[in-house]
Amino acid sequence: MKNTLLALLRKALIATLFVAFQHGALSADYIGPLFDAHLHYNEEAWNGQAGPHPVADVLTRLKRNGVKAVVSNSRPNDGTQLLAAAVAAQKTGTDASRGAPTADLTVVPFIRLYRTRDDYTNWFRDESIYQMVEAEFAKGTASGPYRGLGEFHLYDSANANGAVAKKLMAFAENQQLAVLAHVDDVAIELLMANTPSKGQKTRLIWAHTGIGGASIARVDALLGKYPLLMGELSYRPGLTCGEATGAERLCPEWRALLLKHPTRFLIGSDTWVNQRWQYYDALMQGYRQWLGDLPQEVARKVAWNNGAALFGLPLLAP
């Protein structure tokens, strides 16, 4: 009788553990490298290296959080140039004064369209922006050529049809540059229509996967329509659901979408104000928590491999 009772208890425990694992209740945080696909190093952060977050501070924050690659885009582009130069100098051993060694950090430089905040609302029709992009692209960075354009904003989706917006989308596709766009789902369609391939060859990273909260069904449809569209997940409404323990886990509908499209999503910090730098550790820990709720191979893709594949970096093996 005792043996029978023990056997039943053992079966019940196994069943309970199975259910827990199935629902991620016992999932561990993701511990692998991170690719921050939406990082800003804006002027107020460095301010001629006298700001609150000089290069050494930024590199230290990246290193301690296991961030091995970043898409850097800055207002003005001097911030990205600074970051790229510091990492390049450390890789060659010519500058040991900027903090911990970062030989394993890759800076993927993007050309931001903003010289000052005034450009946010007028870039799409300002010919001088297009000229600045051409000049910056020709110059490149210490870490190599620019790999993308953006982040840019469109507060009115119709402005995707601005003369300069059209030229820049064509320029990006012709030069095989990725685009980081902070726009709604209507603007995604308009931007794609303004490329030579009508969006079929356009590498567009959708900042926040629609910060206005495009529905899961709409995101799913756009991913199906545009084969190289990627969703970046910072600030995304409805992405995570808090637990009683305080941990953040993926909401069920978003978990299902990531499982359906495991190669189409990226993570990012969006350090658009200095406060985001101050809480960088918490931002990255939040990602590690909900990445742990995914199957390991999917977590590796969202955390690293998707960004790495987009920009030709080594992939993590299963």
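What you see is a predicted model; the values in this text were computed from it and never measured.

Novice: What's the story with the sheet that holds strand S3 (residues 106–111) in this structure? I'm lost.
Specialist: Sheets are built from strands that pair by backbone hydrogen bonding, the pairs being arranged parallel or antiparallel. Taken in spatial order, the eight strands line up as S1-S2-S3-S4-S5-S6-S7-S10 in an open sheet, and their pairing is parallel. The open sheet is flanked by strand S1 (34–39) and strand S10 (265–266), the only strands paired with a single partner. Inspection of the sheet shows strand S7 (residues 230–232) paired to S10 by two bridges, in the parallel sense. Paired with Gly231 across the bridge in S10 is Phe265.

Novice: Would you explain helix H5 (residues 127–139) in this entry?
Specialist: It helps to recall that an α-helix has 3.6 residues per turn; residues three or four apart then point in one direction. End to end, H5 covers 19 Å across 13 residues, agreeing with the expected 18 Å (1.5 Å per residue, within 8%). By the burial criterion, the buried members of H5 are Ile129, Tyr130, Met132, Val133 and Glu136. Here the buried residues of H5 occupy an arc of 160° about the axis, which is enough to place them on one side. Opposite the buried face of H5, at more than 90 degrees from it, the exposed residues are Ala138 and Lys139. Count one or two residues on from H5 and you reach Gly140, which has phi positive near 70°.

Novice: What am I meant to see in the packing of helix H8 (residues 216–225) against helix H9 (residues 252–260) here?
Specialist: Any two packed helices are characterised by the angle at which their axes cross and by the distance between the axes. Remark: H8 packs on H9, axes separated minimally by 11 Å, with the N-to-C direction vectors making an angle of 10°. Judged by the angle between their axes, H8 and H9 are roughly parallel. Contacts from Ile216, Val219 and Asp220 of H8 reach H9 at Glu253, Trp254, Leu257 and Lys260. Split by residue class, the contact of H8 with H9 holds four nonpolar, no polar and three charged.

Novice: Any chance you could explain helix H3 (residues 55–64) here in plain terms?
Specialist: Among all positions of H3, only Val55, Val58, Leu59, Arg61 and Leu62 are buried. For H3, the arc enclosing every buried residue in end-on projection is 160°, short of the 170-degree limit, so these residues lie on one face. Packed against the buried residues of H3 are S1, strand S2 (67–72), helix H4 (78–92), helix H10 (274–278) and helix H11 (280–291). Downstream of H3 by one or two residues, Gly66 has phi in the positive range, about 70°.

Novice: Would you explain the environment of Glu136 in this entry?
Specialist: Turning to its location among the elements, Glu136 is positioned in helix H5. Beyond its immediate sequence surroundings of up to four residues, Glu136 is in contact with Asn77, Gln81, Ile111 and Tyr146. A distance of 3.1 Å separates a polar atom in the side chain of Glu136 from a polar atom in the side chain of Gln81. Within the structure, Glu136 has its side chain in polar contact with the side chain of Tyr146 (distance 2.5 Å).

Novice: Which parts of the structure should I look at to understand the pattern of salt bridges?
Specialist: A side chain of one charge can pair with a side chain of the opposite charge if their charged atoms are brought near each other. Evaluation of the coordinates by the stated rule reveals 16 salt bridges. With its nearest N and O atoms 2.8 Å apart, the salt bridge here joins Lys167 to Glu127. Of this pair, Lys167 sits in helix H6 (residues 163–174) while Glu127 sits in helix H5, placing them 40 residues apart in sequence. Here Arg255 makes a salt bridge to Asp293, at a shortest N to O gap of 3.6 Å. A residue pair is termed long-range when its members are at least 10 positions apart, and Arg255 in helix H9 and Asp293 in the loop between H11 and helix H12 (296–311) qualify at 38 residues. Accessibility expressed as a relative area gives 21% for Arg255, which makes it partly exposed.

Novice: Hey, could you run me through the environment of Arg117 in this one?
Specialist: Secondary-structure assignment places Arg117 in the loop between S3 and H5. For Arg117, a relative accessible area of 44% gives the class partly exposed. Arg117 sits 42 residues away from Arg75 along the chain, and the two C-alpha atoms are 8.0 Å apart. Filtering out sequence-adjacent residues up to four positions away, Arg117 remains in contact with Glu44 and Arg75.

Novice: Would you mind showing me how to read a nonpolar patch on the surface here?
Specialist: There is a patch of nonpolar side chains on the surface, built from Ile211, Tyr235 and Trp272 and spanning about 280 Å² of accessible area. Inspection of the secondary structure puts Tyr235 in the loop between S7 and strand S8 (240–242). Residue classification places Tyr235 among the partly exposed residues on the basis of a relative accessible area of 38%.

Each value, and the rule that gives it
- Residues numbered from 1 in each chain as written.
- Predicted model: local features only at pLDDT ≥ 70, side-chain atom pairs only at ≥ 80, totals over all residues.
- Heavy atoms only, no water.
- Pairing = 2+ DSSP bridges.
- Helix = DSSP H or I, 4+ residues; strand = E, 2+ residues; numbered from the N terminus.
- Expected span 1.5 Å × (residues − 1).
- Buried < 20%, exposed > 50% of the residue type's maximum accessible area, 1.4 Å probe, protein only.
- Arc of directions from axis to C-beta.
- Axes fitted to C-alpha atoms, helices over the stretch in contact; angles between N-to-C directions.
- Parallel < 35°, antiparallel > 145°, perpendicular 65-115°, else oblique.
- Contact = heavy atoms within 4.5 Å.
- Nonpolar A, V, L, I, M, F, W, Y, C, P; charged D, E, K, R; others polar.
- Polar contact = N/O pair within 3.5 Å; in protein donor to acceptor, adjacent residues only side chain to side chain.
- Salt bridge = Lys/Arg side-chain N within 4 Å of Asp/Glu carboxyl O.
- Patch = residues over 30% accessible without salt bridge, like charges linked within 9 Å, V, L, I, M, F, W, Y side chains within 5 Å.
- Areas by Shrake-Rupley, 256 points an atom, 1.4 Å probe, with all protein chains shown as cover.

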